[in-house]
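# Examining the three-dimensional arrangement
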Amino acid sequence: MNRVSELFSITGKVAIVTGAASGIGRAIALALSGAGASVVVADKEVSGANKVAGEIESAGGRAIATETDVTGKKEVEQMVQKTIEGFGKIDILVNNAGIIARNSVMDIQEEELDRTFDVNLKGVVLCSQAAARHMIERKSGKIVNVGSSLSSRASVCNLSGGGADYCASKAAVQALTRSLAMELGPYGINVNAVAPGPTNTPMHEGLWEMAAAYYQGSIPLGRLAEPEDIADVVAFLVTDAARYITGQTIHVNGGQIMVD
Ligand SMILES: NC(=O)c1ccc[n+]([C@@H]2O[C@H](COP(=O)([O-])OP(=O)(O)OC[C@H]3O[C@@H](n4cnc5c(N)ncnc54)[C@H](O)[C@@H]3O)[C@@H](O)[C@H]2O)c1
């Protein structure tokens, strides 16, 4: 193998992907497996996780499915334990699990607020803590968080003009990415975020046609994202070719919003 192909290879690495039963997480799990990693497919929906693990195995890869709600510290620790028992180590953590919220600020109920921040922010902290303990010992690791390009920077996340809690939680993920990168950099751990633009996944069930029509004209590359558009960038960020990138949010949005 020449130097460049070696840098881009993740053969033999072990990755955990949360929220991997559907949409972007599923595409990330398949991409990392396709690039040579063994993958722990973690999701609160275990039947979906089993299905994705099955897809990976049918294609000749190695996968373990785990029923994990990222909001539970104990479950997250069990996910990490299961990974180490099954595959011996953790090289990569992708914090992808997330839920959308669509209410306007004045209508957000306390339960919704708690749930949005529990899944989208607390889940990232819990999974990062649990995996990083192990990565710190090995003085190496890659963490990629999934933020949101439009929601973290625009004032609303959807066509109806609501979703303040979702927007705030995704902006927080991107801020947390910088803090984690500061703390974990000295241990050889890179922490970055990808911020997808509107992406065709079950999250937009029933709304996709409308979203596509609404956003199309604002995207210089002329189309909305497919899950693989996001997954392929994650697959780059976890390679050694990306070794000098940390604390960054990479906007994978077809150019929909461009700022320095
Ligand atoms: N689709 C988009 O347009 C878009 C845009 C920007 C960011 N994102 C982000 O991308 C990520 C993936 O979204 P998606 O569009 O693929 O959505 P999706 O609904 O298709 O998939 C989300 C997955 O996360 C899982 N999940 C939800 N709560 C969980 C929990 N508590 N513990 C474990 N798993 C949980 C779900 O079961 C599901 O399998 C999310 O963080 C989302 O906020 C999506």
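Heads up: the structure comes first, above all this text.
We now turn to the structure provided with this report. (Residues numbered from 1 in each chain as written. Predicted model: local features only at pLDDT ≥ 70, side-chain atom pairs only at ≥ 80, totals over all residues. Heavy atoms only, no water.)

Our focus in this paragraph is the overall build of the protein chain. Secondary structure summary: the protein chain contains eight helices and seven strands in total. Taking 18 Å as the expected radius of gyration for a compact globule of 260 residues, we find that the protein chain reaches 17 Å, a close match to that expectation. Here the C-alpha coordinates of the protein chain stretch approximately 50 × 40 × 40 Å along the principal axes. The average position of the 22 basic charges and that of the 28 acidic charges among the side chains of the protein chain differ by 8 Å. (Helix = DSSP H or I, 4+ residues; strand = E, 2+ residues; numbered from the N terminus. Rg over C-alpha atoms; globule rule 2.2 N^0.38 Å. Lys, Arg positive; Asp, Glu negative; His and termini not counted. Charge placed at Lys NZ, Arg CZ, Asp CG, Glu CD.)

This part covers the environment of Val76. Assignment of secondary structure puts Val76 in helix 4 (residues 73-87). Residues Val76 and Cys127 lie 51 residues apart in sequence; the distance between their C-alpha atoms is 6.0 Å. With near-sequence residues (within four places) excluded, Val76 lies in contact with Thr68, Asp69, Val70, Leu126, Cys127 and Ala130. (Contact = heavy atoms within 4.5 Å.)

What follows is about the environment of Ser9. In this structure, Ser9 sits in the loop between helix 1 (3-7) and strand 1 (14-18). Measuring from C-alpha to C-alpha, the distance between Ser9 and Ala37 comes to 9.1 Å, with 28 residues separating the pair along the chain.

Let's shift gears to the site of the ligand. Neighbouring the ligand are 30 residues, the closest being Ser22, Asp43, Tyr166, Thr201 and His204. Between the ligand and the protein, one listed contact pairs a nitrogen atom with a side-chain N or O atom of Asp69 at 2.9 Å. Within the side chain of Tyr166, an N or O atom sits 2.6 Å from an oxygen atom of the ligand. Protein burial of the ligand: of its 830 Å² of free accessible surface, 94% is covered by the chains. When residues of the shell around the ligand are traced back to their parent elements, those giving at least two are helix 2 (23-34), helix 5 (110-138) and helix 6 (164-184). Its residues assigned to classes, the shell around the ligand shows twelve nonpolar, twelve polar and six charged. (Near = heavy atom within 4 Å. Polar contact = N/O pair within 3.5 Å; in protein donor to acceptor, adjacent residues only side chain to side chain. Areas by Shrake-Rupley, 256 points an atom, 1.4 Å probe, with all protein chains shown as cover. Nonpolar A, V, L, I, M, F, W, Y, C, P; charged D, E, K, R; others polar.)

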